[in-house]
Amino acid sequence: MKTKPLFWMGSSRADLKEFPEAVKDIMGFALYVAQKGNKHLAAKPLKGFHGAGVLEIIENYSGNAFRVVYTTSLQSAVYVLHAFQKKSKSGIETPKRDIALITTRLKQASMHHESLFK
């Protein structure tokens, strides 16, 4: 299968570059697997985005949780929507401000995809 292009929304690329090297390696490989049309074992659907093809990769490293959220729902490309370190110590739920940012970037990715691939 052909490798799909990868697009970074907002500050997601710069944010990922701040992660520890071991985490960047895992996240980078998982995104490459997505570009090839497959799903990495660590990728799972992000709750609250039913049927939207929004996935997250969670990697725990030195007691910290790092996340990368991306979408494969846009047929011709993979879009990285958000990369962040989860700071909350209570629960595993993604914070509301991050969900709002992901929602906004998903809409922007859809518009970008529409203009680029139509």
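Note that the structure is predicted; figures quoted are calculated from it, not measured. (Residues numbered from 1 in each chain as written. Predicted model: local features only at pLDDT ≥ 70, side-chain atom pairs only at ≥ 80, totals over all residues. Heavy atoms only, no water.)

### Some words on the overall build of the chain
Then comes step 1: Summing up its helical and strand segments, the chain has three helices and five strands in all.
Then comes step 2: Listing each helix as α and each strand as β along the chain from the N terminus yields β-α-α-β-β-β-β-α.
Then comes step 3: Relative to the compact-globule value of 13 Å for 118 residues, the chain shows a C-alpha radius of gyration of 14 Å, a close match.
Then comes step 4: In terms of its C-alpha atoms, the chain occupies a principal-axis envelope of roughly 45 × 30 × 25 Å.
Then comes step 5: Split into buried and exposed, the 118 residues of the chain put 39% on the buried side.
Then comes step 6: For the chain, the computed accessible surface area is about 7,000 Å², with 55% contributed by carbon and sulfur atoms.
Then comes step 7: A gap of 5 Å separates the mean positions of the 18 positive and 9 negative side-chain charges of the chain. (Helix = DSSP H or I, 4+ residues; strand = E, 2+ residues; numbered from the N terminus. Rg over C-alpha atoms; globule rule 2.2 N^0.38 Å. Buried < 20%, exposed > 50% of the residue type's maximum accessible area, 1.4 Å probe, protein only. Areas by Shrake-Rupley, 256 points an atom, 1.4 Å probe, with all protein chains shown as cover. Lys, Arg positive; Asp, Glu negative; His and termini not counted. Charge placed at Lys NZ, Arg CZ, Asp CG, Glu CD.)

### Some details on unusual backbone geometry
Then comes step 1: With phi around 50°, Ser-62 is a residue other than glycine that occupies positive phi space.
Then comes step 2: In this fold, Ser-62 is placed in the loop between strand S3 (54-61) and strand S4 (64-71).
Then comes step 3: Judged by relative accessible area, which is 64%, Ser-62 ranks as exposed.

### Some remarks on the packing of aromatic side chains
Then comes step 1: Overall, the coordinates contain three aromatic pairs when judged by the stated rule.
Then comes step 2: Here the aromatic rings of Phe-19 and Phe-66 are separated by 4.9 Å at their centres, their planes lie at 55°, and the arrangement is tilted. Of this pair, Phe-19 sits in the loop between helix H1 (12-17) and helix H2 (21-35) while Phe-66 sits in strand S4; the two residues are 47 residues apart in sequence, bridging distant segments of the chain. Neither Phe-19 nor Phe-66 differs from the other in exposure class; each is buried.
Then comes step 3: Judged by centre distance (6.5 Å) and plane angle (35°), the ring pair of Phe-29 and Tyr-32 falls under tilted. Taken together, the residues span about one helical turn, with Phe-29 and Tyr-32 both in helix H2 at a distance of three residues.
Then comes step 4: According to the relative accessible area criterion, Phe-29 is partly exposed, its value standing at 47%. (Phe/Tyr/Trp six-rings, centres within 6.5 Å; stacked < 30°, edge-to-face > 60°.)

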